[in-house]
Amino acid sequence: MSKTAFVFPGQGAQAVGMGRDAFDASEQARAIFHEADEALGFKLSSIIFDGPEAALKQTANTQPALLTVSAAYMALLEESGLKPDYVAGHSLGEYSALLAANVVSFRDAVKIVRARGQYMEEAVPDGQGAMAAVLGAEREALAALCASISGECSSVELANVNCPGQIVVSGSAEGVEAVVQRGKEAGAKRVIPLEVSGPFHSSLMKPAAERLSEALSGIAIGDASVPVVANVTARPATGGEDIRRLLVEQVYSPVLWEDTVRYLIAEGVDTFIEIGSGSVLAGLIKKVDKGVKVVSINSMAALDTLQVKQ
């Protein structure tokens, strides 16, 4: 039996103007953008639609912006009657997945991801942390190189296991630079430093995780109406308290995206619907398995096309 997963992009998928067509076309989508502005106490929608890009790229703005855009398209998709069998999101996108599974309210989610972005930005002083994309290396060899570098000089860890041949490392600036210089030892074809505001998904983020844990204790997190495949475990979570714990661990743990996709395919998922800005996840999913169907709902036109196919 065919199964469908809704998947949601994370930081890096943002673009000035994203979601504007949904805002213009749908009262329901407009209500979501207005609720985000009201919940946060400033015009997030203006930053989303008009920029400047530098403001949108600030982590504390990027995270609620992407969540809001995903929520707007998801609301329109739900009007079509299509329901997922599973949901998952890449890093920040996990919060959009929780919305899809009715775990949290949108108002709570947009406030918590704003706080999450601030905590992550503030966890490590500027210049002390870094991230880099490693292309072509095997996971085990890269993990061994990171362990060696961490033992010799300064910490660096696997942060995002995205798909075969694409892994992001994160940690101290010194540790990441060592991977840039020594990546060929792990079979890397290229190592590309990333423009980020902190060493996300590394143990250096534990101060942010502690602050997030406190913030999460103040919001209602219910049981999931459909299984949420968690970044930390690449396995489904449905209980509210398990989800709360995993959201804290996610801040300093690697995002096991390749494992998540493989798990979903093994469970019978043959259609992935990416909801939100861009089509980054579609590319990653296809690199895991070219045979699955992937649709990116990142515009009203894409939504209309999907409904016609149904």
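In case you missed it, the structure is sitting above this.
Below: a short report on this structure. (Residues numbered from 1 in each chain as written. Predicted model: local features only at pLDDT ≥ 70, side-chain atom pairs only at ≥ 80, totals over all residues. Heavy atoms only, no water.)

Re the pairing of strand S2 (residues 86-89)
Side-chain direction in a regular strand flips from residue to residue, so the side chains alternate between the two faces of the sheet. For clarity, the threshold we go by: We call a residue buried when its accessible area falls under 20% of the maximum for its residue type, exposed when it is over 50%, and partly exposed in between, using a 1.4 Å probe and counting protein chains only. For helices the rule is a DSSP run of H or I covering at least 4 residues; for strands it is a run of E covering at least 2, with both sets numbered from the N terminus onward. Following DSSP output, two strands are said to pair if at least two bridges run between them.
Judged by which residues are buried, S2 turns out to be covered on both faces: Tyr86 and Ala88 on one side and Val87 and Gly89 on the other are all buried. Summarising the sheet, strand S1 (residues 3-8) and S2 pair through four bridges and their orientation is parallel. The residue bridging Ala5 from the neighbouring strand is Tyr86, located in S2.

A few points about the layout of surface pockets
We apply this condition: Any residue with an atom within 4 Å of a point lines the site, the site being either a cavity, points on a 1 Å grid over the protein atoms alone where a 1.4 Å probe fits but cannot get out, or a pocket, an open set with protein on both sides within 12 Å along at least 5 of 7 lines. Grid points are joined across faces, edges and corners, and a volume is the space filled by probe spheres set on the points. Side-chain classes follow a simple rule in which Ala, Val, Leu, Ile, Met, Phe, Trp, Tyr, Cys and Pro form the nonpolar group, Asp, Glu, Lys and Arg form the charged group, and the remainder, Gly included, forms the polar group.
Taken as a whole, the largest pocket encloses approximately 850 Å³ of empty space. Gln11, Gly12, Asn160, Leu194 and Val196 are, among the 33 residues lining the largest pocket, the residues nearest its centre. Among the residues making up the lining of the largest pocket, the classes are represented as 15 nonpolar, 14 polar and four charged. Volume-wise, the second largest pocket comes out at about 190 Å³. Forming the boundary of the second largest pocket are Ile32, Glu35, Ala71, Met74, Ala75, Glu78, Leu99, Asn102, Val104, Ser105 and Phe106. Taken together, the elements giving at least two residues each to the lining of the second largest pocket come down to helix H2 (27-40) and helix H5 (59-79). Here the residues of the lining of the second largest pocket sort into seven nonpolar, two polar and two charged.

Section: the sheet that holds strand S4 (residues 156-163)
We count it as follows: Axis definition: a line fit to C-alpha positions, over the contact stretch in the case of helices; interaxial angles, taken between N-to-C directions, run 0 to 180 degrees.
An order of S4-S5-S3-S6 is seen for the four strands of this open sheet, with the pairing classed as antiparallel. Every interior strand has two partners, whereas the edge strands, S4 and strand S6 (190-193), have only one. Within this sheet the neighbouring strands show an average axis-to-axis angle of 25°, counted without direction. Summarising the sheet, S4 and strand S5 (residues 166-172) pair through six bridges and their orientation is antiparallel. Each residue of the ladder has a partner; that of Val161, found in S5, is Ile167.

Quick word on the environment of Leu99
The test is simple: The contact definition used throughout considers only heavy atoms, calling two residues in contact when any of these lie within 4.5 Å.
Tracing the chain through its elements places Leu99 in helix H6 (residues 93-100). For Leu99, a relative accessible area of 11% puts it in the buried group. The spacing of Leu99 and Leu256 is 157 residues in sequence and 20 Å in space, taken between C-alpha atoms. When residues no more than four places from it in sequence are discounted, the contact partners of Leu99 are Leu67, Ala71, Met74, Val104, Ser105, Phe106 and Ala109.

Remarks on the packing of aromatic side chains
Centre distance and the angle of the planes are the two values used to describe a pair of aromatic rings. Let me state the cut-off plainly: Pairing of aromatic rings covers Phe, Tyr and Trp, the last counted by its six-membered ring, and requires centre-to-centre distances within 6.5 Å; plane angles under 30 degrees mean stacked, over 60 mean edge-to-face, and any other angle means tilted.
Applying the stated rule across the entire model yields four aromatic pairs. Between Phe33 and Phe49, the aromatic rings sit 5.0 Å apart at their centres with planes inclined by 50°, giving tilted as the arrangement. With Phe33 in helix H2 and Phe49 in helix H3 (residues 44-50), this residue pair connects regions lying 16 residues apart in the sequence. Each member of the pair Phe33 and Phe49 is classed as buried.

Points about the side chain of Ser91
What counts is decided by this rule: Pairs of N or O atoms are called polar contacts if they sit within 3.5 Å, as long as, within protein, a hydrogen donor faces a hydrogen acceptor (for residues adjacent in sequence, only side-chain-to-side-chain pairs).
Tracing the sequence through the fold places Ser91 in the loop between S2 and H6. Relative accessible area serves as the criterion here: at 11%, Ser91 is assigned to the buried category. Polar side-chain contacts of Ser91 include one of 2.6 Å to the side chain of His201. Ignoring anything within four residues of it in the chain, the contact list for Ser91 reads Arg116, His201, Asn231, Gln250 and Val255.

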